[in-house]
Each structure stands twice: as structure tokens, then as C-alpha cells.
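Residues per chain are reported as follows:
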Amino acid sequence: DTGVSQNPRHKITKRGQNVTFRCDPISEHNRLYWYRQTLGQGPEFLTYFQNEAQLEKSRLLSDRFSAERPKGSFSTLEIQRTEQGDSAMYLCASSEGGAYNEQFFGPGTRLTVL
Amino acid sequence: RKEVEQDPGPFNVPEGATVAFNCTYSNSASQSFFWYRQDCRKEPKLLMSVYSSGNEDGRFTAQLNRASQYISLLIRDSKLSDSATYLCVVPSGSARQLTFGSGTQLTVLP
């Protein structure tokens with residue numbers, strides 16, 4: 001399968017714990033995005049990497065959230081001191097460079113904070 | 001005003017029906033637009049791109065009205081497999097991040 005993969009697919013944690021998600025983009029894609037989706041809403045942009053550089057961060061990305069893409073390949077999204085409001089689907093997408101290239105989404109990581 | 005607004009739905013239509021979804025966007029400088037499809041508990045997938053006045057792909061037609069900042073998606077001869085949530089999407093920012101509407105849920109009934 002050469003699509004975007006994400007791990008884990010599901011994560012249940014207790015409030016206050018730290019969690020980390022991983023995204024493996026399509027191999028030739030240099031752009032990587034993280035989005036968050038809650039029930040009944042469309043995905044909301046969190047952050048963007050071009051190669052290893054994090055170039056955009058949404059206001060939604062509080063200081064408890066940190067993302068990395070150390071070698072310009074896979075990316076991790078860490079949430080520290082999780083809160084119940086962090087419960088959502090976290091989606092990763094990748095695309096080639098260029099203004100109109102399609103973003104391909106991974107299956108997402110569903111986070112439940114108890 | 002939200003950046004991208006869609007019909008709230010849900011739409012329940014019989015097989016074979018024609019159904020249309022509407023979407024308005026707030027940024028008049030937007031140049032390209034997308035319709036994504038999302039099945040229940042699955043990731044969004046690109047359905048159609050709209051760069052000029054419209055685009056047609058089989059039973060699906062997307063139209064763009066820049067003056068009214070309005071995009072529509074028309075589905076003809078609905079199939080059971082068309083049941084999904086349809087998301088209106090506008091790229092924005094230097095990163096071309098996607099701004100999604102809240103989605104319109106379609107159920108095609110036998």
C-alpha cells in the first residue's frame with residue numbers, strides 16, 4: 001500500500017497523559033499536513049511541513065501540541081497533558097509541491113481522552 | 001461568517017434522483033475549489049476540482065460562480081454508493097492548507 005499511513009489508528013488515554021501519533025506520507029511527497037476533525041465538522045488545519053521545515057501553524061495548535069518531521073519523511077504529532085476537548089480524529093495528509101496538487105489523506109488516528 | 005459554509009443537510013433521496021449541494025466561501029481571492037467525499041469513519045477523498053466556471057465528471061457536475069462566491073455540486077442518477085458526506089473545500093494560505101465546510105450528509109435510499 002503506497003498511500004498515507006497513520007499509527008495508531010485508535011488511542012484511548014486518560015486526561016493529563018501525553019500521546020504521540022505518527023504519520024508516514026506518500027514517499028515522494030514533500031508537503032505534509034495535520035488536521036483535526038470532530039464529530040459533525042469538517043477537518044480543521046493544524047500545521048504544515050515542507051520537507052523537514054514546519055512552515056505554518058494554526059491558532060488551534062496550542063502550546064501543548066508539538067509536531068516534528070525530522071528527516072522530511074515521517075511526522076509525529078505529540079499532545080501533552082491531554083484534555084477531554086482533545087478527543088477527535090487526527091488526520092495527516094501529504095501532497096507534492098505546486099499550487100494545486102491534491103492532498104491525500106491517511107486513515108486518521110482517533111483519540112479518546114477519558 | 002465562516003470561511004466555507006455548506007447546506008446543513010442531511011439529504012435523503014431515492015435511487016436515481018438528482019441532488020444538489022451548495023457552498024459559499026468568504027475569500028474572494030480564492031482561485032481553486034474542491035469537493036471531497038468522506039465515507040463514515042473514513043478519510044476524506046478528492047471527488048472533484050473546480051478551477052474555472054465548472055467541471056463535469058460522469059454523473060457529477062461542479063459549478064462555480066465567482067461573483068456570488070458560490071460553488072455547487074450536482075449528482076445525477078444517484079446510486080446507493082453515493083451515500084457519504086460531501087465536503088466543500090477551499091485551499092488558502094501560503095501552505096495551501098485546506099479549509100473545509102462542515103459537510104453535507106447524503107443518504108441514497110433504495
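So, here is what we can say about the structure in this document.

Rules used in this analysis
Residues numbered from 1 in each chain as written. Chains lettered and ligands numbered in written order. Predicted model: local features only at pLDDT ≥ 70, side-chain atom pairs only at ≥ 80, totals over all residues. Heavy atoms only, no water. Core = buried A, V, L, I, M, F, W, Y, C linked by side-chain atoms within 4.5 Å. Buried < 20%, exposed > 50% of the residue type's maximum accessible area, 1.4 Å probe, protein only. Contact = heavy atoms within 4.5 Å. Phe/Tyr/Trp six-rings, centres within 6.5 Å; stacked < 30°, edge-to-face > 60°. Helix = DSSP H or I, 4+ residues; strand = E, 2+ residues; numbered from the N terminus. Lys NZ or Arg CZ within 6 Å of the ring centre and 35° of its normal. Buried area = accessible area lost by both parts, 1.4 Å probe. Salt bridge = Lys/Arg side-chain N within 4 Å of Asp/Glu carboxyl O. Polar contact = N/O pair within 3.5 Å; in protein donor to acceptor, adjacent residues only side chain to side chain. Nonpolar A, V, L, I, M, F, W, Y, C, P; charged D, E, K, R; others polar. Pairing = 2+ DSSP bridges. Axes fitted to C-alpha atoms, helices over the stretch in contact; angles between N-to-C directions. Disulfide = S-S within 2.5 Å.

One finds Phe21, Trp35, Ile71, Leu73, Ile75, Tyr86 and Leu106 of chain B to be the most contacted residues of the largest nonpolar core, which totals 23 residues. Not counting residues up to four positions away in its chain, the partners in contact with Leu106 of chain B are Phe11, Val13, Val19, Phe21, Ile75, Asp82, Ser83, Ala84 and Tyr86 of chain B.

Per the counting criterion, the structure on display carries 15 aromatic pairs over all chains. Where Phe21 of chain B meets Tyr86 of chain B, the ring centres are 5.3 Å apart and the plane angle is 35°; that geometry is what we call tilted. One end of the pair, Phe21 of chain B, is in strand S3 (residues 19-25); the other, Tyr86 of chain B, is in strand S9 (residues 84-92), and 65 residues separate them in sequence. For Phe21 of chain B, a relative accessible area of 0% translates into the label buried. Members of the aromatic cluster, joined through ring pairs, are Tyr33, Tyr35, Phe45, Tyr48 and Phe105 of chain A together with Phe34, Tyr36, Tyr51 and Phe100 of chain B. Above the face of the Phe74 of chain A ring, Arg22 of chain A is positioned so that its terminal group lies 3.9 Å from the ring centre.

The next thing to look at is the side chain of Ser95 of chain A. Inspection of the secondary structure puts Ser95 of chain A in strand S9 (residues 88-95). Overall, the relative accessible area of 2% leaves Ser95 of chain A in the buried class.

Bringing the interface of chain A and chain B into the picture now. Taken residue by residue, the interface counts 20 residues in chain A and 20 residues in chain B. Regarding the contact of chain A and chain B, the summed buried area is about 1700 Å², with carbon and sulfur atoms giving 53% of it. At the junction of chain A with chain B, the criterion picks out zero salt bridges. If you look at where chain A meets chain B, you find four residue pairs in polar contact (both at pLDDT 80 or more). No other element matches the four residues that strand S4 (residues 31-37) of chain A contributes to the side of chain A that touches chain B. Partitioning the side of chain A that touches chain B into residue classes produces 10 nonpolar, six polar and four charged.

This paragraph deals with the sheet that holds strand S7 (residues 60-65) of chain B. Residue and element names in this part refer to chain B. Reading across the sheet, the five strands line up as S1-S3-S8-S7-S6 and stay open at both edges, with antiparallel pairing between neighbours. Where the open sheet ends on each side, the last strands, each with one partner, are strand S1 (4-6) and strand S6 (54-57). Averaged over all adjacent pairs, the angle separating strand axes in this sheet is 15°, with direction ignored. As defined by bridge partners, S7 adjoins strand S8 (residues 70-75) across six bridges and the pair is classed as antiparallel. Looking at the pairing, Leu64 lines up with Ile71 of S8.

Residue and element names in this part refer to chain B. Following the criterion strictly, the structure yields two disulfides over all chains and no others. The disulfide partner of Cys23 is Cys88, and the gap between their sulfur atoms is 1.9 Å. Measuring the twist about the S-S bond at about -75°, one finds the Cys23-Cys88 disulfide to be left-handed. Of this pair, Cys23 sits in strand S3 while Cys88 is found in strand S9, placing the two residues 65 residues apart along the sequence.

The next thing to look at is unusual backbone geometry. Residue Pro8 of chain A is bonded to the preceding Asn7 of chain A through a cis peptide linkage, with omega at -10°. Summarising the element assignment, Pro8 of chain A is placed in the loop between strand S1 (5-7) and strand S2 (10-13). Positive phi is not limited to glycine here, since Arg81 of chain A has a value of about 50°. Following the sequence through the fold, Arg81 of chain A ends up in the loop between strand S8 (75-79) and S9. We classify Arg81 of chain A as partly exposed; its relative accessible area is 45%. Backbone geometry places Asp77 of chain B, a non-glycine residue, at a positive phi of 50°.

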